[in-house]
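Below are the chains, spelled out letter by letter.
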Amino acid sequence: MNKHDIKRNLPMLTGKLGRSGYDRWCHSFTGINRETGKKKSFFVEYCIMNPELGGKEPIMGDKQYQKPSYLLVRAGAWGKKGFSLKQYYGIEEMEVAGTFLKITAGECFLSENNIWGRIKGDHTMMWSLRMDKKVAFHIGYSASKPIREINPIDMYWHAEGMRTRFEGSVTLDGSVYDVAPNTCNGYADKKWGRNFTCPWFWLYGSQMKSQKTGKVLEKSAFAIGGGNPVVWGIPLRNKPFADVYYEGKNREINYSAPWTFARMNYAVGMKRGRVLWHIKARNLTTAMEIKISCREDELQEVEYQAPDGTWNRDLMLSGGTGKGEILLYRRNGRKYTLLDRLFVKGAGCEYTGKR
């Protein structure tokens, strides 16, 4: 549902999660080169790991029985010449507000409405952006405060900015990319918990065109995640979080509303140099079929660290240049009525699974 809840974007690492948990804020957007007019897809992430164990310097957890503790800022670009830059900060280098989202460390900053920073490595990237989060995907009870207090789930998710209007600029190796509200294809969300879900897939975007009208949908967006969430240590198979905000109305399929009988089947695989995501999901009133693909050479294999200090043994692929379609249906019993076929480009796509 398009219900905003900025409290779910606050740092959540208290109690046991403070010593064994992570907060990860993700942002993606498109910029246009000021000189050449070419587009480039960028991402910026901020991740806090085990803050109660931290000190002046980042703790990487590379010693025996040592857990990591740090703020990680990761930024880069997707596409054929994609790259990823990382900067680690010690917990004591970080300033965090108490009642609203505001995190500052070194040259990097995160709040509900602004991100800026600078990272140097193989490239130098600077960003300064304002955010206006227009459409949210509120997954409901499974990330509510009562559930968070008993903390049965390994990973939580909230997409406060399923459609976000970014405005500002990115400077990459001296070239300036302008980021404008109407062309940014912006997205912002948050994941947190004590571990990462595997297998897991994640698709999102707002560049969609309707087959029914032939028009670009300027106020629509989608976010689709799913896999095997772990509850009380038990993996639950094929559970969907899917929302297509279409023509001012959410078409949602969400396993955390069990009375809707949400179901999903999915497959992710490689074919002719492309990674394919194929999902079918349904509940009592809505059904959708999603087919998204991305060139293998436009995806990045991402290294990530769990709160216990282990690095990923599973495969995580991430990209921002997916293309495909969404078939959106109204369901009434066994009758399915096609509402629209939506052509998608510039889609964010991620998959975590066995190698």
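Since we're looking at a predicted model, the values are computed, not measured.

Cut-offs and rules
Residues numbered from 1 in each chain as written. Predicted model: local features only at pLDDT ≥ 70, side-chain atom pairs only at ≥ 80, totals over all residues. Heavy atoms only, no water. Helix = DSSP H or I, 4+ residues; strand = E, 2+ residues; numbered from the N terminus. Rg over C-alpha atoms; globule rule 2.2 N^0.38 Å. Buried < 20%, exposed > 50% of the residue type's maximum accessible area, 1.4 Å probe, protein only. Contact = heavy atoms within 4.5 Å. Areas by Shrake-Rupley, 256 points an atom, 1.4 Å probe, with all protein chains shown as cover. Lys, Arg positive; Asp, Glu negative; His and termini not counted. Charge placed at Lys NZ, Arg CZ, Asp CG, Glu CD. Pairing = 2+ DSSP bridges. Polar contact = N/O pair within 3.5 Å; in protein donor to acceptor, adjacent residues only side chain to side chain. Salt bridge = Lys/Arg side-chain N within 4 Å of Asp/Glu carboxyl O. Patch = residues over 30% accessible without salt bridge, like charges linked within 9 Å, V, L, I, M, F, W, Y side chains within 5 Å. Disulfide = S-S within 2.5 Å. Phe/Tyr/Trp six-rings, centres within 6.5 Å; stacked < 30°, edge-to-face > 60°.

Caption draft 1: Spotlight on the overall build of the protein. In terms of helices and strands, the protein carries two helices and 25 strands. A compact globule built from 355 residues should have a C-alpha radius of gyration of about 20 Å, and the protein, at 19 Å, falls within 12% of that. For the C-alpha atoms alone, the extent of the protein along its principal axes is close to 60 × 55 × 40 Å. When burial is assessed residue by residue, the protein has 56% of its 355 residues classed as buried. Within the protein, residue pairs in contact and separated by at least 24 positions form 61% of the contacts whose partners lie at least 6 positions apart. Here the protein displays about 16,500 Å² of accessible surface, and carbon together with sulfur accounts for 49% of that area. Each charge class in the protein was averaged separately, 56 positive and 36 negative side chains, and the resulting centres sit 8 Å apart.

Caption draft 2: Molecular detail of the pairing of strand E21 (residues 274–282). In E21, alternate side chains face the same way, and those of Val-275, Trp-277, Ile-279 and Ala-281 are buried while those of Arg-274, Leu-276, His-278, Lys-280 and Arg-282 on the opposite face are not. Pairing between strand E20 (residues 263–271) and E21: nine bridges, direction antiparallel. The residue bridging Arg-263 from the neighbouring strand is Arg-282, located in E21. Adjacent in sequence and paired antiparallel, E20 and E21 are bridged by two residues, among which Arg-272 carries a positive phi angle near 55°. For E21 and strand E22 (residues 286–295), the ladder comprises nine bridges, and the chain directions are antiparallel.

Caption draft 3: Quick peek at the pairing of strand E19 (residues 249–254). E19 sits mainly inside the fold: five of its six residues count as buried. Judged from the six bridges that link them, strand E18 (residues 239–246) and E19 form a sheet pairing that is antiparallel. Among the inter-strand pairings, Asp-243 is bridged to a residue of E19, identified as Glu-252. What sits between the antiparallel neighbours E18 and E19 is a turn of two residues, in which Glu-247 has the positive phi angle 55°.

Caption draft 4: Fine view of the side chain of Asn-254. Here Asn-254 shows up in strand E19. Taking the relative accessible area as the measure of exposure, Asn-254 reaches 3% and is therefore buried. Side-chain polar atoms of Asn-254 contact the backbone oxygen of Ile-139, separated by 2.7 Å. A distance of 3.1 Å separates polar atoms of two side chains, one belonging to Asn-254 and the other to Glu-252. Those residues in contact with Asn-254, other than ones at most four positions away along the chain, are Phe-137, Ile-139, Pro-240, Phe-241, Thr-260 and Ala-262.

Caption draft 5: View of the pattern of salt bridges. In total, this model carries 15 salt bridges according to the counting rule given. Residues Arg-24 and Glu-45 are paired through a salt bridge, measuring 3.2 Å at the closest nitrogen-oxygen approach. Highlighted residues: Arg-24 in strand E1 (residues 22–33) and Glu-45 in strand E2 (residues 39–49), separated in sequence by 21 residues. The burial state of Arg-24 is the same as that of Glu-45; both residues are buried. Glu-289 is the salt-bridge partner of Lys-291, the closest N and O atoms lying 3.9 Å from each other. Via salt bridges that share partners, Arg-24, Glu-45, Arg-74 and Glu-350 belong to a single interconnected network.

Caption draft 6: Region of the structure containing a positive patch on the surface. Taken together, Lys-39, Lys-209, Lys-323 and Lys-345 make up a surface patch of like positive charges. Secondary-structure assignment places Lys-323 in strand E24 (residues 315–332).

Caption draft 7: Representation of the state of the cysteines within the structure. Evaluated as defined, the whole model comprises zero disulfides. This cysteine, Cys-47, is not joined by any disulfide, and Cys-26 carries the nearest cysteine sulfur, 8.3 Å off.

Caption draft 8: Structural detail: the environment of Gly-117. Mapping Gly-117 onto the fold places it in strand E8 (residues 114–120). In this structure, the C-alpha to C-alpha distance between Gly-117 and Trp-127, residues ten residues apart in sequence, is 5.5 Å. Residues within four places of Gly-117 in sequence aside, it is in contact with Glu-107, Cys-108, Met-125, Met-126 and Trp-127.

Caption draft 9: Up close: the packing of aromatic side chains. Following the criterion strictly, the structure yields 18 aromatic pairs and no others. Summarising the aromatic geometry, the rings of Trp-202 and Tyr-204 are spaced 5.0 Å apart at their centres and angled 35° between planes, so their arrangement reads as tilted. Since its relative accessible area comes to 5%, Trp-202 is described here as buried. By relative accessible area, which is 5% here, Tyr-204 ends up buried. Both rings, one in Tyr-329 and one in Tyr-336, keep their centres 6.4 Å apart while their planes meet at 90°; by these two values the pair is edge-to-face.

Caption draft 10: Representation of unusual backbone geometry. With omega at -5°, the peptide bond leading from Cys-198 into Pro-199 counts as cis. Inspection of the secondary structure assignment puts Pro-199 in the loop between strand E12 (186–193) and strand E13 (200–205). At Asp-173, a residue that is not glycine, the phi angle is positive and equals roughly 50°. Look at Asp-173 and you get partly exposed, because its relative accessible area is 46%. At Asn-238, a residue that is not glycine, the phi angle is positive and equals roughly 55°. By the secondary structure assignment, Asn-238 is in the loop between strand E17 (234–235) and E18. In this structure Asn-238 comes out as partly exposed when scored by relative accessible area, which is 24%.

It is worth stressing that arrangement in space is one thing and function is another; only the former is reported here.
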